[in-house]
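Listed below, chain by chain, are the residues.
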Amino acid sequence: MKQVFTAVLFLMGSVIAFGQEDVATVRENARKFMMSGDMDNAIMVLNKAVQTDQNNTDLQKDLALAYYYKKDYAKGLEVIKPVLNSDSADVAVYQLAGTLYRGTENAKEAEKVYKAGISKFPKAGPLYSEYGEVLDAMKNGSAAISQWEKGMEIAPSYADNYYNASIYYYKQPEGKLWAALYGEIYANMQSLNPKSNSIKQMVLDSYKQLFSSDLSQAASREKNPFAKAVLETFARQSGISAQGLTPETLAMIRTRFVLDWMNNFAKQYPFRLFEMHQQLMKDGIFDSYNQWMFGPVASQPNFEAWAAAHKDEYDKFTAFHTSRIFKMPAGQVYSNK
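Read on for an overview of the structure. (Residues numbered from 1 in each chain as written. Predicted model: local features only at pLDDT ≥ 70, side-chain atom pairs only at ≥ 80, totals over all residues. Heavy atoms only, no water.)

## A few points about the pattern of salt bridges
Defined as follows: Basic side-chain nitrogens of Lys or Arg form a salt bridge, by our definition, when they fall within 4 Å of a carboxyl oxygen of Asp or Glu. Numbered from the N terminus, helices here are DSSP runs of H or I no shorter than four residues, and strands are runs of E no shorter than two.
Taken as a whole and judged by the stated rule, the model has eleven salt bridges. Here E184 and R254 are joined by a salt bridge, their closest N and O atoms 2.8 Å apart. Note that E184 is positioned in helix α10 (residues 176-189) and R254 in helix α14 (residues 247-264), a separation of 70 residues in sequence. Sharing partners across several salt bridges, the network here consists of D58, K61 and D90.

Next comes the structure, spelled out in structure tokens:
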């Protein structure tokens, strides 16, 4: 009897091991189907995999994601809800559940999910970003920007909070300075993301609107001490804008700005973006950086001509830019002060 029992245990172990290997293979196949846009086949193989291993939360997340891509949000919620209510729910589960509720246009339930997620994972930058998006869709912009700024505080290197904040401020009559700063931070964090080009255009437009106004008067009205210092420093360079705002004149303005800022405000208001500008100036590639930031959105032909005429300098900048990851440190969110 003992020998028979041992043999049964061995067979059970073999079946389990085979099942686990099979699940991994099926899961990989499902991902290939999803990448090719074939959600029906992805859902088919994932459903079979879930039947094989009903406690595998990764499979359930994949299946819910496939339903999301198929826009079958109700089915996706059926799959993800048990995981959401389990101890194994991670940040990705809260993101997926919130996104599925948003797909069903149930903002209230999405809000509950994100609140619960933030309560469980208070340092998860993506949850603040997506919760803010829900609040913004509910026409509660002041609550939305509070979430994005909180996200920047607790997860300063998570890019999407800067993206959302920059767009929010761009829409505000007095928000162009923050739109420019946060937009440029995002462009550096996510330089390969297609959204980066639209943000660069927005940053350029923000600078044009800023320098079309009286910056000294804007500084005198400003109550935020950091913004006041930035506006005062830009105001001292505003004469250059009489030539128009181009990548070249912006490079001149911003060079003088950085020199002035480092002498007068850098210790009081440390800001990684301005520190990077200073480093680029020391390395002799700040002009190239400004061309990268503004050139293509200002005029693609002019940018290409400039890059061809300054090939060595631009190649040096490109080598620098592609070899580093831009991150913001903690404690440098001044817009909510």
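Next comes the rest of the write-up.
## Looking at the packing of helix α16 (residues 286-298) against helix α18 (residues 311-321)
Definition in use: Helix axes are fitted only over the stretch in contact, all axes being lines through C-alpha atoms; the angle between N-to-C directions runs from 0 to 180 degrees. Orientation is classified from the angle alone, with under 35 degrees giving roughly parallel, over 145 giving roughly antiparallel, 65 to 115 giving roughly perpendicular, and any other angle giving oblique. Residues are treated as being in contact if the distance between any of their heavy atoms lies within 4.5 Å. Each residue is assigned to one of three groups, with Ala, Val, Leu, Ile, Met, Phe, Trp, Tyr, Cys and Pro labelled nonpolar, Asp, Glu, Lys and Arg labelled charged, and all others, Gly among them, labelled polar.
In the contact formed by α16 and α18, the axes pass within 9 Å of each other and the chain directions differ by 75°. Here α18 runs roughly perpendicular to α16, going by the angle between their axes. Residue-level contacts link D287, S288, Y289 and W292 of α16 to E313, Y314, F317 and H321 of α18. A class-by-class count of the residues in the contact of α16 with α18 yields four nonpolar, two polar and two charged.

## Focus: unusual backbone geometry
Operational definition: When a residue's accessible area, from a 1.4 Å probe over protein chains only, is under 20% of the maximum for its type it is buried; when over 50% it is exposed; and in between it is partly exposed.
Backbone geometry places K71, a non-glycine residue, at a positive phi of 70°. Secondary-structure assignment places K71 in the loop between α3 (57-69) and α4 (73-84). Even without a glycine there, the phi angle at E105 is positive, about 60°. Relative to the helices and strands, E105 resides in the loop between α5 (91-103) and α6 (107-120). Judged by its relative accessible area of 74%, E105 is exposed.

## Notes on the environment of R254
Formally: Counted as a polar contact is a pair of N or O atoms within 3.5 Å, where, for protein atoms, one must be capable of donating a hydrogen and the other of accepting one, and residues adjacent in sequence contribute only when both atoms are in side chains.
R254 gets classed as buried once you look at its relative accessible area, which sits at 2%. C-alpha separation for the pair R254 and F234, spaced 20 residues apart in sequence, amounts to 8.1 Å. If near-sequence neighbours (up to four positions away) are discounted, R254 is found in contact with E184, Y207, F234, H277, F286, Y289, N290 and F294. Only 2.7 Å separates the side chain of R254 from the side chain of N290, close enough to count as a polar contact.

## Some remarks on helix α17 (residues 300-309)
Quick reminder of the rule: Directions pointing from the helix axis toward each C-beta atom define the arc.
All of the buried residues along α17 are F303, W306 and A307. When α17 is viewed along its axis, its buried side chains cluster within an angular range of 95° and face the same direction. Those residues of α17 that are exposed and aimed more than 90 degrees away from the buried face are P301, N302, A308 and A309. Tucked inside the fold, the buried residues of α17 contact α14, α16 and α18.

## Focus on the nonpolar core
What counts is decided by this rule: The nonpolar core is taken to be a set of buried Ala, Val, Leu, Ile, Met, Phe, Trp, Tyr and Cys residues, with the residues joined through side-chain atoms within 4.5 Å.
Formed by 106 residues in total, the largest nonpolar core has its most connected members in Y207, F226 and W261. Here this core takes ten residues from α10, the largest share from any one element. Those residues in contact with F226 that lie beyond four places of it in its chain are W178, L181, W261, Y269, F271, F274 and Y334.

## A word on the packing of α3 against α4
We apply this condition: Left-handed is the label given to a crossing in which the near helix is rotated counterclockwise from the far helix by less than a right angle, and right-handed is the label when the rotation is clockwise.
Where α3 meets α4, the axes come as close as 8 Å, and the angle between the chain directions of the two elements is 160°. If you check the angle between α3 and α4, you find them roughly antiparallel. At the point where α3 passes α4, the crossing takes the left-handed sense. The segment α3 lies against α4, with T57, Q60, K61, L63, A64, Y67 and Y68 engaging Y73, K75, G76, V79, I80 and V83. Here the residues of the contact of α3 with α4 sort into eight nonpolar, three polar and two charged.

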